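Fold and contact review
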Amino acid sequence: MSTAFIGLGAMGYPMAGHLARQSDTLVWNRTPARAQAHEAEFGSAACELSSLAHADVIFSCLPTSAEVWEVLRVLDGQLEAGTVWVDCTSGHPQEAQAQAAWLAERGVHFLDAPVSGGTGGAEAGTLTVMVGGDPAVLERVRPRLAFAGKVVHVGPTGAGFAVKAVNNALLAVNLWAAGEGLAALKAGGVELTAALDVINASSGRSNASENLIGQRVLSREFPATFALGLLAKDVGIALDVVGAQKGAAPLLGATGGLYRAAERVIGGSADHTAALKLVEQMNDVEIS
Ligand code: NDP
């Protein structure tokens, strides 16, 4: 039994830490210094990408499905039949289906298994994992999901990525709408800590109002734990999910445009909550 983890970013680094505490774990990162730091901190084994092809469970956590394709192509011809590939990237449902088919031709199983709970959940080992794919394959790897607090099978291949995209689209809507409302209240002279106190005891509350805005926006800290560019990507995937059903989702469409604008104006590597800096610019007021 051997486990491998590809992509030691803000999420992957602590997630792979939980795996290494559980069993022998090979780690690979594009920037090797991060894999070496992981080996020193958690006792994992930093290796070349091709060296982890023989693991029986391979996790990936990369920015998008495009980077997952890049590593799959490098590993082509080296993966072994019976291996399970667990992609924890917030990827694209259509790419999940294509990757599952590509891997199936090589005898490898694929689960789309994106996560929620942020870097705090990754460090605590309490992430929620939403899994698309064969339920029997999930049962084989369930004991290996050492970073999870909750694991839910949500449907066939691609369903995990679809649920993740819709969840993050809701985050984007709630965050932006709270920012617009608070900007107006601030311009009208209302104390925002008092306004949030009321909203968080009332029906307008959300994770954005309860946690993100107080901790990251009013504080002016905007700690870069989840990139604005990644949230904009997720809203775009949610719009593709809607489009695949020929659905009507004008609010999500507007949200996608707003986050693409925020990514361009504020910068994709800023924390996602920094999107509200664009709301501030639009209203000439600081949400503080
Ligand atoms: P980061 O930007 O922190 O890390 C990205 C990782 O991908 C790094 O290990 C990076 O390597 C690697 N990488 C980037 N491009 C390539 C490439 N072309 N080839 C190989 N490796 C590459 O991202 P996060 O950890 O924040 O996010 C990862 C995934 O998890 C995303 O899909 C995101 O949407 C999702 N997610 C993020 C959450 C968060 O709170 N941050 C919460 C839930 C899901 P290198 O070190 O060399 O740059």
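Just above sits the structure.
First, a word on scope: everything that follows refers to the structure included in this document. Not measured: the values here are computed from a predicted model.

Taken as a whole, this structure holds five aromatic pairs when the rule is applied. Consider the rings of Phe59 and Phe147, whose centres lie 5.7 Å apart with planes at 80°: the pair is edge-to-face. Of the two residues, Phe59 sits in strand 4 (residues 57-60) while Phe147 sits in the loop between helix 6 (135-141) and strand 9 (148-155), which places them 88 residues apart along the sequence. A relative accessible area of 0% places Phe147 in the buried class. Aromatic rings pair up to connect Phe5, Phe59 and Phe147 into one cluster. The ring of Trp102 is capped by Arg106, whose NZ or CZ atom sits 3.7 Å from the centre of that ring. Here the guanidinium or amino end of Lys277 rests over the ring plane of Phe222, the centre of that ring lying 4.4 Å away.

Inspection of the region around the ligand gives 24 residues, with Ala10, Asn29, Arg30, Thr31 and Thr225 positioned closest. A distance of 2.6 Å is found between an oxygen atom of the ligand and a side-chain nitrogen or oxygen belonging to Asn29. About the coverage of the ligand: the protein hides 84% of its 900 Å² of free accessible area. Looking at the shell around the ligand, the elements with two or more residues in it are helix 3 (65-75), helix 5 (118-124) and helix 10 (228-244).

Criteria and thresholds
- Residues numbered from 1 in each chain as written.
- Predicted model: local features only at pLDDT ≥ 70, side-chain atom pairs only at ≥ 80, totals over all residues.
- Heavy atoms only, no water.
- Phe/Tyr/Trp six-rings, centres within 6.5 Å; stacked < 30°, edge-to-face > 60°.
- Helix = DSSP H or I, 4+ residues; strand = E, 2+ residues; numbered from the N terminus.
- Buried < 20%, exposed > 50% of the residue type's maximum accessible area, 1.4 Å probe, protein only.
- Lys NZ or Arg CZ within 6 Å of the ring centre and 35° of its normal.
- Near = heavy atom within 4 Å.
- Polar contact = N/O pair within 3.5 Å; in protein donor to acceptor, adjacent residues only side chain to side chain.
- Areas by Shrake-Rupley, 256 points an atom, 1.4 Å probe, with all protein chains shown as cover.

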